[in-house]
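# What the coordinates show
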Amino acid sequence: MAIEFEGRVAIVTGAGGGLGREHALALAKRGAKVVVNDLGGARDGSGGSATAAESVVAEIRAAGGEAIANAASVTDATAVDAMVQAAMAQWGRVDILVNNAGVLRDKTFAKMELEDFRFVVDVHLMGAVNCTKAVWDIMRDANYGRIVMTTSSSGLYGNFGQSNYGAAKMALVGLMQTLSIEGAKNDIRVNCLAPTAHTRMTEDLGARLPLDLLGPDTVSPGLLYLVSEDAPSRCILTAGAGGFERAYVTLTQGIRAVGDDAPEQVAARFAEISDRAGEIVPEMGAAQGMIELTKAQQARG
């Protein structure tokens, strides 16, 4: 069945270029009305202009679609609320939120100023929180919502010089895990997308990447599925160069170690603790405690 968005309203942050622009264009092409949000700042978050967002809106309108531009900073909760209210005033609903806005301030942790750490976390994590909070009750009242957080392999697996970015991106996975549970009863499905694409954010890596294979258009098909009517929830979808994979946060069966020599038992049996045979993807955080208590109860007999 074709994925269509007729009658749906989507907000895409950081949509003035790169992945966000491609997401906005792809949604509009399939019938969504789109709020194109972009602060229009530099890659490190400095400056700002609505020009980038307005350019994408012009593209959408030229193709026969509907869109409005917005230049709010996702770090400004008041401005984000106003953006959502503008969408409601224009179209009376918000069905889809794509949290895509981001910045980079890469340095090794030893050389990084705390301000650069805080700012990157503020944009990626709190920016997504601000936008999600602004649409949450609207989606609850409508008993429908599709939200995507943009995570990254830097958060999932680490990347040299990106402690701030990686921390923020992994935090979005934690946010997704809980919101997908809390939103389930109102059919609010929350997922993460971890893209690999050549954009302004990755231009420093250009010499090492086959850029012709890494267009943002190779990632957006995954995004469209994650915000569709039949979307999954609580999924970490990785995407790039037309490849799509799924990442999981898993839990091994492990061991039980008690007594004065418990630290030594952990050390001696660490390979057994790490053994992935029988590992699970917990439905929620309580699963860890249940596994541990089960071991204790079995030991008690």
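Structure's up top.
What this report covers is the structure whose coordinates are included nearby. Note that the structure is a prediction, hence the values are computed from the model and not measured.

What counts and how
- Starting afresh in each chain, residues are numbered from 1 along the sequence in its written order.
- Residue-level local features of this predicted model are given only where pLDDT is at least 70; pairs of side-chain atoms are given and counted only at 80 or more, and the full residue set underlies all totals for whole chains, interfaces and linings.
- To get the side-chain values, take all heavy atoms of the structure and skip hydrogens and water.
- We count a stretch as a helix when DSSP gives it H or I for four or more residues in a row; a strand needs E for two or more, and each element gets its number in order from the N terminus.
- In this treatment the radius of gyration is a C-alpha quantity, and the globule benchmark scales as 2.2 Å times the residue count to the 0.38 power.
- Any pair of residues with heavy atoms lying within 4.5 Å of one another is described as a contacting pair.
- What sets the accessible areas is the Shrake-Rupley method with a 1.4 Å probe; for residues, cover comes only from the shown protein chains.
- For the purpose of charge, His is not counted, nor are the chain termini; Lys and Arg are scored as positive and Asp and Glu as negative.
- Where a charge lies is defined by one atom per residue type: Lys uses NZ, Arg uses CZ, Asp uses CG and Glu uses CD.
- Burial here depends on accessible area, computed with a 1.4 Å probe over protein chains only, as a share of the maximum for the residue type. Under 20% is buried, over 50% is exposed, and the range in between is partly exposed.
- The rule for pairing is simple: two strands pair if DSSP sees at least two bridges between them.
- To obtain an axis, a line is fitted to C-alpha atoms, over the contacting stretch when the element is a helix, and the angle between two such axes runs from 0 to 180 degrees between their N-to-C directions.
- Salt bridge, as applied in this entry: a Lys or Arg side-chain nitrogen positioned within 4 Å of an Asp or Glu carboxyl oxygen.
- Helix span, expected: 1.5 Å multiplied by one less than the number of residues in the helix.
- Bend, at a single residue, is the angle you get between axes fitted to the 7 residues ending at that residue and the 7 residues starting at it.
- Two cysteine sulfurs form what is called a disulfide whenever their separation falls within 2.5 Å.
- For the purposes of these results, a polar contact is taken to be a pair of N or O atoms within 3.5 Å, where, inside protein, one atom must be able to donate a hydrogen and its partner to accept one; residues adjacent in sequence count only when each atom of the pair is a side-chain atom.
- The cut-offs work like this: below 35 degrees is roughly parallel, past 145 is roughly antiparallel, 65 to 115 is roughly perpendicular, and the gaps in between are oblique.
- Here a crossing is taken to be left-handed if its near helix is turned anticlockwise relative to the far helix by less than a right angle, and right-handed if that turn runs clockwise.
- Each residue gets one of three labels, nonpolar for Ala, Val, Leu, Ile, Met, Phe, Trp, Tyr, Cys and Pro, charged for Asp, Glu, Lys and Arg, and polar for the others, Gly among them.
- Along the arc lie the directions from the helix axis toward the C-beta atoms.

Counting its regular elements, the chain contains ten helices and eight strands. The C-alpha atoms of the chain give 21 Å as radius of gyration, which agrees with the globular expectation for 301 residues (19 Å, within 12%). A principal-axis box enclosing the C-alpha atoms of the chain has dimensions of 70 × 45 × 35 Å. Contacts in the chain between residues at least 24 apart in sequence constitute 70% of all its contacts with a sequence separation of at least 6. Total accessible area on the chain is roughly 15000 Å²; 53% of this is exposed by carbon and sulfur atoms. Across the chain, 27 positive and 35 negative side-chain charges occur, with their mean positions spaced 2 Å apart.

A large share of strand 6 (residues 188-196) lies buried, amounting to seven of its nine residues. Summarising the sheet, strand 6 and strand 7 (residues 236-240) pair through five bridges and their orientation is parallel. Bridge pairing in strand 7 places Cys192 opposite Ile236.

Strand order in the open sheet made by the eight strands is 3-2-1-4-5-6-7-8, with mixed pairing throughout. Of all strands in the sheet, those with a lone pairing partner are strand 3 (67-70) and strand 8 (243-247), marking the two edges. Averaged over all pairs of adjacent strands, the angle between strand axes in this sheet comes to 20°, irrespective of strand direction. Across five bridges, the pairing between strand 7 and strand 8 is antiparallel. Bridging across to strand 8, Gly240 finds its partner in Gly243.

With that settled, the discussion passes to the pattern of salt bridges. Opposite charge on two side chains permits pairing when their charged atoms draw close. As enumerated under the stated definition, the model contains ten salt bridges in all. For the salt bridge of Glu59 with Arg21, the shortest nitrogen-to-oxygen distance reads 2.9 Å. Of this pair, Glu59 sits in helix 2 (residues 51-62) while Arg21 sits in helix 1 (residues 18-29), placing them 38 residues apart in sequence. Using a relative accessible area of 27% as the deciding quantity, one classes Arg21 as partly exposed. Where Arg140 meets Asp137, a salt bridge forms, and the shortest distance between an N and an O atom there is 3.5 Å. One end of the pair, Arg140, and the other, Asp137, are both in helix 4 (residues 114-142), three residues apart, so they sit about a helical turn from each other. On the accessibility criterion, Arg140 (36% relative accessible area) is partly exposed.

With that settled, consider helix 4. For helix 4, which comprises 29 residues, the first-to-last C-alpha distance of 41 Å matches the rise-based estimate of 42 Å (1.5 Å per residue) to within 8%. In the structure, helix 4 departs most strongly from a straight axis at Trp136, where the bend amounts to approximately 35°. Positive backbone phi, approximately 50°, marks Asn143, located one or two places after helix 4.

Notably, Arg234 is not glycine yet its phi reads approximately 65°, a positive angle. On the secondary structure map, Arg234 appears in the loop between helix 7 (220-226) and strand 7. When its relative accessible area of 21% is taken as the criterion, Arg234 is described as partly exposed.

Bringing the state of the cysteines into the picture now. Scanning the model with the defined rule gives zero disulfides in all. Cysteine Cys131 shares no disulfide, and the gap to the nearest cysteine sulfur, in Cys192, comes to 15 Å. Overall, Cys131 belongs to the buried group, its relative accessible area being 1%. Here Cys192 stays free of any disulfide, with the sulfur of Cys235 as its closest cysteine sulfur at 8.6 Å.

For Gln177, the position within the fold is in helix 6 (residues 163-183). Within the local environment of Gln177, its side chain forms a polar contact with the side chain of Arg234, the two groups lying 2.7 Å apart.

A few words on the packing of helix 4 against helix 6. Look at helix 4 against helix 6: their axes get within 8 Å of each other, and the N-to-C directions meet at 20°. Judged by the inter-axis angle, helix 4 sits roughly parallel to helix 6. Crossing of helix 4 against helix 6: the hand is right-handed. Facing helix 4, whose interface residues are Asp116, Phe117, Val120, Val121, His124, Leu125, Ala128, Val129, Thr132 and Trp136, helix 6 presents Ser163, Asn164, Tyr165, Ala167, Ala168, Lys169, Ala171, Leu172, Leu175, Leu179, Glu182 and Gly183. Classifying every residue of the contact of helix 4 with helix 6 by side-chain character gives 14 nonpolar, five polar and three charged.

Below, the discussion takes up helix 10 (residues 286-300). With 15 residues, helix 10 should reach 21 Å at 1.5 Å per residue; the first-to-last C-alpha distance of 21 Å fits that figure. Taken together, the buried positions of helix 10 are occupied by Ala287, Ile291 and Lys295. One face of helix 10 carries all of its buried residues, which in axial projection span an arc of 85°. Turned more than 90 degrees away from the buried face of helix 10 sit Met290, Gln297 and Arg300, all of them exposed. Directly beyond the C-terminal end of helix 10, a positive phi value near 80° is found at Gly301.

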